[in-house]
Amino acid sequence: MTTLRIAGGRVLLPDMTVERADVLVDQAAGEVLAVGGTDQGDEHLDAEGSLVIPGLVNAHGHAAMTLLRGYADDKPLGAWLQEDIWPAEAELTPEDVRAGTELGIVEMIKSGTTAFADMYFEVEEVAAAVDSAGMRARLGHGIVTVGKDEAAARADVEESLAIAREFDGEAEGRLSTAVMPHSLTTVSEECLSMAVEGAREVGVPIHIHINETRDEVEPIVGERGIRPLEYADELGLLEEENFLAHGVHTDERGIELLAKTGMGVVHCPASNMKLASGMAPVQAMLDAGVSVGMGTDGAASNNDLDLFGELRDAAMIGKLAADDASAVPAEQVVEMATAGSAEAIGIDGGRIEAGANADLAVIDFDKPHLTPAHDPVSHLAYAVRGSDVRHTICDGEVLMRDREVLTLDEKEVRETAEKRAVELVGRA
Ligand SMILES: N[C@@H](CCSC[C@H]1O[C@@H](n2cnc3c(=O)[nH]cnc32)[C@H](O)[C@@H]1O)C(=O)O
Ligand SMILES: [Zn+2]
């Protein structure tokens with residue numbers, strides 16, 4: 001057994017208190033052995049002047065979309081997808097997806113994220129990138145059936161099921177999967193049913209965008225006389241292990257359905273603001289007992305993968321949405337981006353305690369914008385930036401030490417992504 005001691009810092013405990021403590025990690029098992037006054041450890045990671053927190057969990061995104069960062073901005077979702085994003089994505093090669101995902105992973109590691117959920121295509125490439133980078137992820141092939149004939153539509157569902165089967169449990173258990181129909185309006189009713197049935201057979205969750213924009217709610221209400229979550233419920237989509245992205249236009253009845261079924265919600269406040277999708281009723285969801293996590297969404301609608309931005313945005317927009325400055329407080333957003341996200345996507349994470357996965361981020365508090373540190377949890381929500389992260393550890397392995405990414409060559413990843421992004425936009 002090789003052990004790693006993260007020593008000399010303070011630690012954020014599951015009850016949201018902060019204590020002076022060391023963290024001892026069993027590197028082979030990828031687990032926290034002890035928190036407190038610990039043994040020496042074979043290896044040492046300095047946490048002097050720093051705060052050790054659970055690695056953040058980015059519960060919704062499309063990592064390879066980093067290649068389209070800043071390519072098309074300032075448009076609503078429908079026009080943005082149809083006029084800009086989908087035509088560019090049609091030109092993506094497997095090598096592009098690999099390059100974009102690696103860039104996204106470097107960005108996430110550098111901002112303290114240790115696990116993420118990802119909906120995209122060429123998932124073999126996404127899986128290979130996650131495996132070699134040492135991160136934890138729940139991956140899926142996004143199903144879109146609009147504009148496809150029946151055979152092509154069914155083939156897309158089959159592809160999502162095959163991917164879910166193939167990669168679940170891979171990368172020494174760091175990879176898990178889900179079946180990922182894109183949304184209730186971009187996937188036909190028949191294919192949504194196929195996906196629900198298939199996911200049950202494979203034994204993995206479903207992840208989908210729901211209630212993101214009004215343009216999604218209106219056609220469903222017009223055609224079926226029921227709201228999106230009621231339609232999803234009829235399809236058998238609302239289950240405890242499943243999770244949806246956004247949930248912006250969720251009414252009281254919808255919140256009740258989420259609370260009753262245990263369906264997780266991934267709040268993506270930056271994406272919702274940028275596309276003017278609306279303000280998710282996050283405090284109302286939390287009050288009702290809904291499981292809420294946090295995500296960045298793709299880099300093209302954010303425009304970065306620094307989840308600390310989402311903590312701040314969630315607290316800010318949550319207050320506006322509830323018209324109450326005490327809504328979505330600091331402690332709550334920290335909880336949502338760690339344990340909340342982990343629970344929503346169904347991985348073990350988000351807590352520092354003996355026996356837990358050793359997925360950690362060490363944040364340097366010796367910074368002007370983090371001085372004084374009256375309340376470290378307040379700083380995590382309102383003042384810390386991804387660039388304050390010193391070390392990132394996943395499954396007991398140090399992925400970044402003193403801001404140097406160890407599992408990927410950052411310079412090479414950036415150069416490859418830059419080159420591929422320019423060529424991609426040239427083709428589109
Ligand atoms: N099989 C599909 C791929 C779907 S992946 C998931 C899709 O979600 C898109 N996407 C990114 N952000 C959002 C969002 O906020 N709402 C809805 N879709 C998004 C993304 O561009 C990607 O096309 C195909 O061949 O087109
Ligand atoms: Zn999305």
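Everything quoted here is computed from the prediction, not taken from an experiment.

A separate point is the packing of helix 2 (residues 94-110) against helix 3 (residues 123-133). Between helix 2 and helix 3, the shortest axis-to-axis distance is 8 Å and the interhelical angle comes to 35 degrees. Helix-helix and strand crossings are classified by hand; for helix 2 and helix 3 the assignment is right-handed. Here helix 2 contributes P94, V97, R98, T101, E102, I105 and I109 to the contact with helix 3, which in turn contributes E125, V126, A128, A129, V130 and A133. Its residues assigned to classes, the contact of helix 2 with helix 3 comprises 9 nonpolar, 1 polar and 3 charged.

In terms of domain boundaries, the chain breaks down into domain 1 (3-55 + 350-405) and domain 2 (56-345). In this structure, domain 1 and domain 2 have C-alpha centres spaced 28 Å apart. Facing 24 residues of domain 1, the contacting portion of domain 2 comprises 28 residues. For the side of domain 1 that touches domain 2, the element with the most residues is helix 13 (residues 376-382), which contributes 5 residues. Taken together, the residues of the side of domain 1 that touches domain 2 break down into 14 nonpolar, 5 polar and 5 charged.

Turning our attention to the nonpolar core. Among the nonpolar cores identified, the biggest contains 138 residues, and V23, V52, V126, L311 and V333 are the most heavily contacted of them. Counting the residues that make up this core, at least three belong to each of domain 1 (3-55 + 350-405) and domain 2 (56-345). Those residues in contact with L311 that lie beyond four places of it in its chain are V333, V334, A337, L380 and A381.

Below, the discussion takes up the sheet that holds strand 2 (residues 10-12). Read from one edge to the other, the open sheet built from 7 strands follows the order 3-2-7-17-18-19-20, with strand pairing classed as mixed. Looking along the sheet, the strands with just one partner apiece sit at the ends: strand 3 (18-20) and strand 20 (404-405). Here strand 19 (residues 397-401) runs beside strand 20; their pairing, made up of 2 bridges, is antiparallel. When the sheet's bridge partners are listed, M400 is paired in strand 20 with V405.

Okay, the site of ligand 1 next. The environment of ligand 1 is formed by 19 residues, the closest being I85, G142, V144, H209 and G298. Breaking the shell around ligand 1 down by element, the ones donating at least two residues are helix 1 (77-89), strand 9 (113-120) and strand 10 (136-143). Per-element accounting of the shell around ligand 1 gives the leading share, 4 residues, to helix 1. Of the residues assigned to the shell around ligand 1, the class counts are 8 nonpolar, 7 polar and 4 charged.

Once that is clear, we can look at the pairing of strand 4 (residues 22-26). Within strand 4, 4 of the 5 residues are buried, leaving the element largely enclosed by the surrounding structure. Bridge count between strand 1 (residues 3-7) and strand 4: 4 bridges; the pairing is antiparallel. Paired with L4 across the bridge in strand 4 is V25. By the bridge criterion, 5 bridges tie strand 4 to strand 5 (residues 31-36) in an arrangement that is antiparallel. Counterpart to D26 in the pairing with strand 5 is E31. In sequence, strand 4 turns back onto strand 5 through a hairpin of 4 residues, with G30 there showing a positive phi of about 70 degrees.

It is the contact of helix 2 with helix 14 (residues 410-427), at a shortest axis distance of 9 Å, that shows an interaxial angle of 135 degrees. As summarised for this structure, helix 2 and helix 14 are arranged oblique, according to the angle between their axes. Judged by the sense of rotation from one axis to the other, the crossing of helix 2 with helix 14 is left-handed. Contacts between helix 2 and helix 14 involve E95, D96, A99, G100, E102, L103 and V106 from the former and E410, V413, R414, T416, A417, R420 and L424 from the latter. Looking at side-chain class alone, the contact of helix 2 with helix 14 contains 6 nonpolar, 2 polar and 6 charged residues.

Turning our attention to the UniProt feature "binding site: Zn(2+)" (unreviewed entry) in the chain. Sequence positions flagged by UniProt for "binding site: Zn(2+)" (unreviewed entry) are, in local numbering, H60, H62, H209 and D297. In terms of the greatest pairwise C-alpha distance, the residues named above, spread along 238 residues, form a tight cluster of at most 12.1 Å across. The topology assignment puts H62 in the loop between strand 8 (56-58) and helix 1. The buried category is assigned to H62, around which 25 C-beta atoms lie within 10 Å.

Reading guide: rules and limits
- Residues numbered from 1 in each chain as written.
- Chains lettered and ligands numbered in written order.
- Predicted model: local features only at pLDDT ≥ 70, side-chain atom pairs only at ≥ 80, totals over all residues.
- Axes fitted to C-alpha atoms, helices over the stretch in contact; angles between N-to-C directions.
- Helix = DSSP H or I, 4+ residues; strand = E, 2+ residues; numbered from the N terminus.
- Left-handed = near helix turned anticlockwise from the far one by under 90°.
- Contact = placed C-beta atoms within 7 Å.
- Nonpolar A, V, L, I, M, F, W, Y, C, P; charged D, E, K, R; others polar.
- Domains from an automatic or database assignment.
- Core = buried A, V, L, I, M, F, W, Y, C linked by C-beta atoms within 7 Å.
- Buried ≥ 20, exposed ≤ 12 C-beta atoms within 10 Å, placed from the backbone.
- Pairing = 2+ DSSP bridges.
- Near = placed C-beta within 6 Å.
- Parallel < 35°, antiparallel > 145°, perpendicular 65-115°, else oblique.
- UniProt positions renumbered as here; feature names shortened; annotations may be inferred.

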